[in-house]
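Residue-level structural notes
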Amino acid sequence: MDAPVYSLINNGANAISDPFFPRTTQILLEYQLGTWVPRLREPRDLYGVSSSGPLSPTRWPYHSEVIDEKVQHIDWAPFYPEPVYIPTGLEMEPLYPNSKEDTVVYLAEDAYKEPCFVYSRVGGNRTPLKQPVDGCDNTLMFEARFESGNLQKVVKVAEYEYHLTVRPDLFTNKHTQWYYFQVTNTQAEMDYRFTIVNFTKPASLYNRGMRPLFYSEKEAKARNIGWQRIGDQIKYYRNNLGQDGRHFFSLTWTFQFPHNKDTCYFAHCYPYTYTNLQEYLSSINNDPVRSKFCKIRVLCHTLARNMVYVLTITTPLKNTDSRKRKAVILTARVHPGETNSSWIMKGFLDYILGHSSDAQLLRDTFVFKVVPMLNPDGVIVGNYRCSLTGQDLNRNYTSLLKESFPSVWYTRNMVHRLMEKQEVILYCDLHGHSRKENIFMYGCGGSDRSKALYLQQRIFPLMLSKNCPDKFSFSSCKFNVQKSKGGTGRVVMWKMGIRNSFTMEATFCGSTLGNKRGTHFNTKDLESMGYHFCDSLLDYCDPDRSKYYQCLKELEEMEKHVNMKKVFADSDSCLREITLDIESSSRGSDSSESNDSQTYLLKVTSQIKTKKKYLKTKKERNSTIASHQNAKAEVHDREHLQQTHEESNSDAKDLHDNLKIKAKECPSFQRKKTSINWTDDEKRIYRNKRIVQSQELLQYFLPMVESPRSIERTNFQISHQLKQASCINIKRYSTSWTPRNPPFITPKSLMTNTSDWLQCVPRRPPGNFSPFKGYKRKNFSQTQATKTEDIESLSSKWETASPSFEMDANILKDKSLPAEEYNLQRPMQVVPHLTKNKGEHANKKDGHLAFHRRFQRDN
């Protein structure tokens with residue numbers, strides 16, 4: 001018989017009369033051989049995903065009704081890219097007025113039983129809802145009372161038409177974007193129409209070709225097919241259901257179910273639930289290999305007492321100080337409806353916990369702190385943006401309310417403690433975007449910072465765009481800090497001292513770049529971004545700094561072009577203010593004229609000369625002739641000066657430099673700050689100054705414009721430089737790059753055009769950016785970049801060449817490898833990696849060539 005055990009805080013304390021014994025729950029008393037023996041209580045399970053027991057059960061608000069059936073989906077990706085929907089112009093816009101004859105087939109009112117969160121219970125309220133059905137056999141049955149499900153009401157308005165209303169985020173009356181529901185009692189080959197009527201965003205990717213997601217259980221069992229894009233006659237439009245000054249928008253689509261009596265699902269994006277995360281973490285914890293370098297802990301508990309997990313991924317150290325390793329922080333799912341961020345996180349974890357040499361190198365070099373799901377409460381109940389407080393967690397990183405926003409408070413505190421021990425080189429928060437295509441980043445750092453820091457914060461996104469040019473768009477990235485974004489994780493971490501602080505935004509739709517142009521992203525595409533993130537991190541921290549400096553040079557060139565465009569845009573605006581009365585008959589300017597300042601000057605000059613004609617006196621005519629002679633003399637002197645410059649080979653930049661100097665001296669080129677409200681007097685003074693200074697500029701340029709030689713030379717130089725900045729093919733951004741292909745992605749899923757890979761154009765790397773010589777690497781020739789006025793993304797494809805670099809003695813102390821190893825041609829899927837062991841050679845059986853590099857921190 002086991003000895004009785006008592007806690008010291010109650011009965012056990014009475015058994016011991018010692019007043020110095022503390023009152024605590026951590027000491028237990030065991031009765032052994034007639035005496036009470038104290039001992040410490042066993043520590044709590046800090047993992048949360050114990051290998052010995054079941055997963056931690058999900059906790060719901062007590063009033064949330066939940067079905068007993070567990071919803072599961074297979075993991076599958078289509079073999080071919082799924083094209084976006086192309087509108088035909090014949091799509092209908094159904095408007096359903098309220099009618100008592102319509103039949104309500106689904107109604108969930110449990111969300112409105114409480115005005116705010118009260119308490120939670122495991123599994124929620126298991127009381128089933130009543131399903132009011134009209135008794136017909138062909139009526140669809142709807143259900144959304146499962147994890148991450150969202151549907152509030154369904155009305156049958158016709159034989160095969162249904163009017164759906166999605167539920168706003170709990171304890172709010174807004175954020176209606178995420179939907180995820182079940183449909184049963186289906187009939188095959190019948191045209192059904194579904195219309196969701198209470199969206200609140202005026203713009204949507206559904207107007208850009210995005211299709212809803214569909215899942216069939218019979219298709220999954222019979223053909224192993226999972227989530228797929230479906231729908232015809234897709235239209236997103238404003239409806240007539242506005243209330244209290246608010247306007248709602250509808251999404252409608254038609255569809256034919258593939259099977260009779262099937263159980264199907266519709267969703268806004270690929271679902272990824274809290275249970276999916278727990279099962280994934282449990283598999284890591286049960287793996288004897290991955291669990292050695294991935295430690296899972298509970299960061300905190302949410303408002304509903306669900307666990308927020310934090311993963312620490314690094315190679316265990318025995319005798320080395322872990323503070324020498326730099327830290328990288330990743331977080332995801334602060335907005336529960338942005339499920340694509342969880343799929344990117346899954347791809348990152350799959351790769352960083354894998355067996356590849358690059359993954360091993362990353363674990364040896366860095367300490368990764370990963371919070372895979374910041375808002376599990378919102379994920380469980382099917383919210384789109386908020387937690388159970390009804391607030392956006394990504395606007396409360398500065399909040400001191402630890403009880404209200406525990407996950408972001410403890411995340412900020414964890415980062416603060418981590419920065420006291422070691423350097424954090426990068427922070428990235430993963431999100432989804434509902435209005436823009438592609439994948440892109442938001443960064444920090446305004447123009448008030450130093451130029452070097454201003455450009456360095458753009459290097460990592462630029463590298464990412466080069467490593468995955470068909471998914472990541474550098475031209476869509478933005479690097480500013482808006483006042484309304486002061487409470488976001490990106491801005492708060494940047495103000496704490498993390499230079500590279502980003503928000504990665506993944507579209508709900510698909511790509512407009514490269515081979516994936518006009519297609520949707522699937523789960524494998526999103527997972528591959530996790531690999532590309534690791535690949536770019538290796539490039540960013542590579543001891544061979546050639547890629548780093550090449551990206552920095554490209555950013556400097558882009559910055560020059562942007563500044564030049566601003567200068568000419570401001571000069572054109574000044575001239576337009578002067579000639580506003582003259583050009584009152586035409587609004588706006590032709591694009592070709594706005595791109596050529598000298599042509600525009602000629603037009604303005606001709607208009608000024610020909611607008612008003614009147615008879616002149618003899619005295620006026622003589623003064624005009626004298627002024628013309630003086631102007632010709634000045635032109636002659638200027639031509640002589642230009643000829644001298646041509647002899648000194650500086651003729652190409654003369655006029656442009658004069659223009660820039662004049663622009664810098666002219667305060668009118670300083671843009672008016674839009675954030676300041678100017679009075680009418682200030683506006684008048686500002687406008688008068690610009691007119692006077694523009695007239696000075698006009699007097700400065702008119703003598704040059706009247707000279708035929710100056711016109712010819714100026715038109716060639718200025719138009720050439722301006723058009724070069726916005727042309728289709730720009731070769732100045734071509735750089736040398738070394739690709740790494742994701743080992744877990746099949747060629748079918750990537751759909752790469754092999755002809756682009758076979759056309760090898762070797763290029764010589766810029767010598768001033770390559771201080772390392774002595775070994776050969778693979779290069780790629782830059783594909784001709786597509787640039788708009790916003791400077792399109794600079795993509796690149798991998799090709800082979802053999803530039804040489806010199807190894808830095810401070811970084812690589814080992815002897816260089818034999819030359820014959822560097823001449824081996826490596827397979828396409830092999831990833832160049834760094835080896836930490838001295839003299840380690842490549843495994844020739846696998847056909848892999850290992851590039852031996854090494855990180856060493858400067859002491």
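Residues numbered from 1 in each chain as written. Predicted model: local features only at pLDDT ≥ 70, side-chain atom pairs only at ≥ 80, totals over all residues. Heavy atoms only, no water.

1. Observations regarding the overall build of the protein
Per the secondary structure count, the protein includes 22 helices and 28 strands. Burial status across the protein gives 51% buried among its 859 residues. In the protein, of all internal contacts separated by at least 6 residues, the share reaching a separation of at least 24 is 76%. With the model as given, the accessible surface of the protein reaches about 42,800 Å², and the carbon-plus-sulfur share is 51%. (Helix = DSSP H or I, 4+ residues; strand = E, 2+ residues; numbered from the N terminus. Buried < 20%, exposed > 50% of the residue type's maximum accessible area, 1.4 Å probe, protein only. Contact = heavy atoms within 4.5 Å. Areas by Shrake-Rupley, 256 points an atom, 1.4 Å probe, with all protein chains shown as cover.)

2. Regarding helix α8 (residues 406–421)
Taking 1.5 Å as the rise per residue, α8 with 16 residues should run 22 Å; its terminal C-alpha atoms sit 23 Å apart, in good agreement. In this structure, the buried side of α8 is in contact with β17 (294–301), β18 (307–313), β19 (326–332), β20 (366–371), β21 (424–433) and α11 (489–496). (Expected span 1.5 Å × (residues − 1).)

3. Notes on the pairing of strand β24 (residues 501–507)
The element β24 is extensively covered by neighbouring structure, given that seven of its seven residues are classed as buried. Burial along β24 is two-sided: S501, T503, E505 and T507 and F502, M504 and A506, pointing in opposite directions, are all buried. Sheet topology places β21 next to β24; seven bridges connect them, and they run parallel. The residue of β24 that forms the bridge with C428 is F502. Where strand β22 (residues 439–443) meets β24, four bridges bridge the pair, whose relative direction is antiparallel. (Pairing = 2+ DSSP bridges.)

4. As for the sheet that holds strand β5 (residues 103–107)
Strand order across the open sheet formed by six strands is β5-β8-β9-β11-β15-β14, with mixed pairing between neighbours. A single partner strand is all that each edge strand has here, and the edge strands are β5 and β14 (232–238). Neighbour to neighbour, the strand axes of the sheet diverge by 20 degrees on average, direction disregarded. (Axes fitted to C-alpha atoms, helices over the stretch in contact; angles between N-to-C directions.)

5. A short note on the nonpolar core
Soluble globular proteins tend to bury their nonpolar side chains together. Among the nonpolar cores identified, the biggest contains 128 residues, and F142, F194, F257, F266, F348, F368 and M504 are the most heavily contacted of them. Counting residues in hydrophobic clusters, the runner-up holds 21 residues, among them A327, V371, V415 and L418. (Core = buried A, V, L, I, M, F, W, Y, C linked by side-chain atoms within 4.5 Å.)

6. Let's talk about the packing of aromatic side chains
Tallied over the entire structure, the rule returns 45 aromatic pairs. Aromatic pair Y179 and F181: ring centres 6.3 Å apart, planes at 40 degrees, arrangement tilted. Taken as a pair, Y179 and F181 share a single burial class, namely buried. Considering the side-chain rings of F460 and F502, the 6.0 Å spacing of their centres and the 25 degrees angle between planes classify their relative orientation as stacked. (Phe/Tyr/Trp six-rings, centres within 6.5 Å; stacked < 30°, edge-to-face > 60°.)

7. So, the pattern of salt bridges
Inspection of the entire model under this criterion finds 18 salt bridges. Ionic pairing is found between E143 and R145, a salt bridge with its closest N-O pair at 2.8 Å. Each member of the pair, E143 together with R145, is buried. E527 is the partner of K346 in a salt bridge, and the nearest nitrogen-oxygen pair spans 3.6 Å. (Salt bridge = Lys/Arg side-chain N within 4 Å of Asp/Glu carboxyl O.)

8. Points about unusual backbone geometry
For K261, which is not glycine, the phi torsion reads 50 degrees and is therefore positive. Take K261: it is sitting in the loop between β15 (249–255) and β16 (264–267). Residue classification places K261 among the exposed positions, given a relative accessible area of 57%.

9. Description of the pairing of β20
Burial analysis of β20 places six of its six residues in the buried class, the great majority of the element. Across the two faces of β20 the burial is the same, with F366, F368 and V370 and V367, K369 and V371 all buried. Bridge analysis of β18 against β20 gives three bridges, and the strand direction is antiparallel. Note that in β20 the partner of L311 across the bridge is V370.

10. Some words on the side chain of H335
By the element assignment, H335 lies in the loop between β19 and α5 (340–352). Given a relative accessible area of 3%, H335 falls into the buried group. Side-chain polar atoms of H335 contact the side chain of H431, separated by 3.4 Å. When near neighbours in sequence (up to four residues on either side) are disregarded, H335 contacts Y384, R385, D392, N394 and H431. (Polar contact = N/O pair within 3.5 Å; in protein donor to acceptor, adjacent residues only side chain to side chain.)

11. Considering the environment of E437
Topologically, E437 is positioned in the loop between β21 and β22. For E437, a relative accessible area of 16% translates into the label buried. Counting along the chain gives 83 residues from E437 to H520, while the straight-line C-alpha distance between them is 9.5 Å. Within the structure, E437 has its side chain in polar contact with the side chain of R208 (distance 3.5 Å).

12. Some remarks on the packing of helix α6 (residues 357–365) against helix α12 (residues 523–540)
Direction vectors running N to C along α6 and α12 enclose 60 degrees, while the axes themselves pass 11 Å from each other. Taken together, α6 and α12 sit at an angle that is classed as oblique. When the axes of α6 and α12 are compared, the crossing they make is left-handed. Together, D358, L361 and L362 of α6 and C534, L537 and L538 of α12 make up the contact between the two elements. (Parallel < 35°, antiparallel > 145°, perpendicular 65-115°, else oblique. Left-handed = near helix turned anticlockwise from the far one by under 90°.)

13. A few points about the side chain of D392
Mapped onto the fold, D392 is located in the loop between α7 (376–381) and α8. At 2.9 Å, the side chain of D392 and the backbone nitrogen of N394 are in polar contact. Residues contacting D392, with those up to four places away along its chain left out, are H335, R385 and C386.

14. Overview of α12
If you check α12, its first and last C-alpha atoms are 26 Å apart, about what 18 residues at 1.5 Å a residue would give, namely 26 Å. Most of α12 is tucked away, with 17 of its 18 residues classed as buried.

15. Topic: the environment of H175
Structurally, H175 is set in the loop between β9 (161–165) and β10 (180–184). Sequence-wise, H175 and C386 are 211 residues apart; in three dimensions their C-alpha atoms are separated by 8.2 Å. Those residues in contact with H175 that sit more than four places away from it in its chain are P168, D169, Y384, R385 and C386.

16. Re the sheet that holds strand β12 (residues 213–216)
Backbone-to-backbone hydrogen bonds pair the strands of a sheet. The strands run either parallel or antiparallel. Strand order in the open sheet made by the five strands is β7-β10-β16-β12-β13, with antiparallel pairing throughout. The open sheet terminates on both sides in strands that have one partner only, identified here as β7 (141–143) and β13 (228–229). With two bridges joining them, β12 and β13 adopt antiparallel strand pairing. Among the inter-strand pairings, F214 is bridged to a residue of β13, identified as Q228.

17. Looking at the environment of E82
Positionally, E82 belongs in the loop between β4 (59–61) and β5. Look at E82 and you get buried, because its relative accessible area is 12%. Between the alpha carbons of E82 and R211 there is a distance of 9.6 Å; along the sequence they are 129 residues apart. Sequence-distant contacts of E82, that is, excluding residues within four places in its chain, are made with Q228, R229, Y270, T519 and H520.

18. Focus on the confidence of the model for the protein
Per-chain confidence: the protein averages 74 in pLDDT, with 61% of residues scoring 70 or above. Low pLDDT, under 50, characterises residues 708–735; the predicted model gives this stretch 71 contacts beyond four residues in sequence or across chains. Low confidence marks residues 744–859, where pLDDT is under 50. Its contacts with residues over four positions away, or in another chain, come to 253 contacts. (pLDDT = per-residue confidence, 0-100.)

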